[in-house]
Amino acid sequence: MNFLELAGSRQSCRAYLDRAVERDKIEYCLEAARLAPSACNAQPWTFVVVDDAPLRRTVAEKTFGPLRSLNQFVVQAPVLVVIVSERQNLQATIGSLVKRKAFNQMDVAIAAEHFCLAATESGLGTCMIGWFDEAAVKAALAIPSGKRVELILAAGYSAEEGIRPKKRQPADQFRRYNGYA
Ligand SMILES: Cc1cc2nc3c(=O)[nH]c(=O)nc-3n(C[C@H](O)[C@H](O)[C@H](O)COP(=O)(O)O)c2cc1C
């Protein structure tokens, strides 16, 4: 697979087989996340892998939305990866303050996508989950209350067939050369 084929094969998976994921596959995806770039190389993240079934169900239920359908599929995923953002190093903290940029959130997002692309290459489906009860997730996993959980990744063997056509804006809509106008 070349890179565009890999990027094109990644899609949000919202149906999973009842099949455990090998820890070495998760380790491979974590290694891809570890290699991600970050502002001032701060690497401000902790990935909490939840593959214990009862604990996983507890965390999955904290992702359900007020409308019954939102994120119900998360209970099927045999692995959840809860990404906690950590303190940036001094340079990145100063950079974030001076430039008013949430570098640590950018860093987490890049590492999360590295994880998801490695998962795709490994034959796993993933879905990024941004909607969840953060305080309840922290309580379930003994994450200190002062920390932020930025994202949860659902992962497992997909029960979906094939790759859906991507709904994306055409390149003409977002691409500019040599100026915004
Ligand atoms: C930051 C972020 C948060 C997301 N949160 C959710 C979520 O809570 N539930 C969900 O089903 N999908 C969630 N998604 C998946 C998006 O809906 C999905 O990536 C987008 O519709 C494009 O579809 P694709 O991933 O299949 O290409 C999230 C994606 C991102 C990047």
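One numbering rule holds for all chains: residues counted from 1, following each sequence as written. Whole-chain, interface and lining totals are the exception, using all residues; otherwise, since this is a predicted model, local features are given only for residues with pLDDT of at least 70 and side-chain atom pairs are given and counted only at 80 or more. Based on all heavy atoms of the structure, the side-chain values leave hydrogens and waters out of the count.

(A) How the structure looks around the pairing of strand β3 (residues 125-129). Only protein chains enter the accessibility calculation, which uses a 1.4 Å probe; a residue is then buried when its area is under 20% of its type maximum, exposed when over 50%, and partly exposed in between. Working definition: helices are DSSP H or I runs of at least four residues, strands are E runs of at least two. Numbering for both runs from the N terminus. Where burial is concerned, most of β3 is hidden: 4 out of the 5 residues are buried. Note that β3 and strand β4 (residues 148-156) share 5 bridges and pair antiparallel. Bridge pairing links isoleucine 129 to isoleucine 152 in β4. When DSSP finds at least two bridges between two strands, those strands are taken to pair.

(B) Seen up close, the sheet that holds β3. Sheet architecture is open: 4 strands sit in the order β1-β2-β4-β3, paired in antiparallel fashion. In this open sheet, the two strands that pair with only one neighbour each are β1 (45-50) and β3. Within the sheet, the average angular offset between the axes of one strand and its neighbour, ignoring direction, is 20 degrees. Across 7 bridges, strand β2 (residues 79-85) lies against β4 in antiparallel orientation. Bridging across to β4, valine 79 finds its partner in alanine 155. All axes are obtained by fitting lines to C-alpha atoms, using only the stretch in contact for helices, and the reported angles, taken between N-to-C directions, cover 0 to 180 degrees.

(C) Representation of helix α5 (residues 103-121). Helix length check: α5 (19 residues) gives 27 Å between terminal C-alpha atoms against 27 Å at 1.5 Å per residue, within 8%. As for α5, its buried residues are in contact with α1 (3-9), α2 (23-34), β1, β2, β3 and β4. Within two residues after α5, glycine 123 carries a phi angle of roughly 85 degrees, on the positive side. Multiply 1.5 Å by the residue count of a helix minus one, and that product is the helix's expected span. It only takes one pair of heavy atoms within 4.5 Å for two residues to be counted as in contact.

(D) Broad picture of unusual backbone geometry. Even without a glycine there, the phi angle at glutamine 43 is positive, about 50 degrees. Along the chain, glutamine 43 falls in the loop between α2 and β1. Since its relative accessible area comes to 35%, glutamine 43 is described here as partly exposed. Unusually for a residue other than glycine, arginine 100 sits at a positive phi of about 50 degrees. The topology assignment puts arginine 100 in the loop between α4 (90-99) and α5. Here arginine 100 falls in the exposed class, since its relative accessible area comes to 75%.

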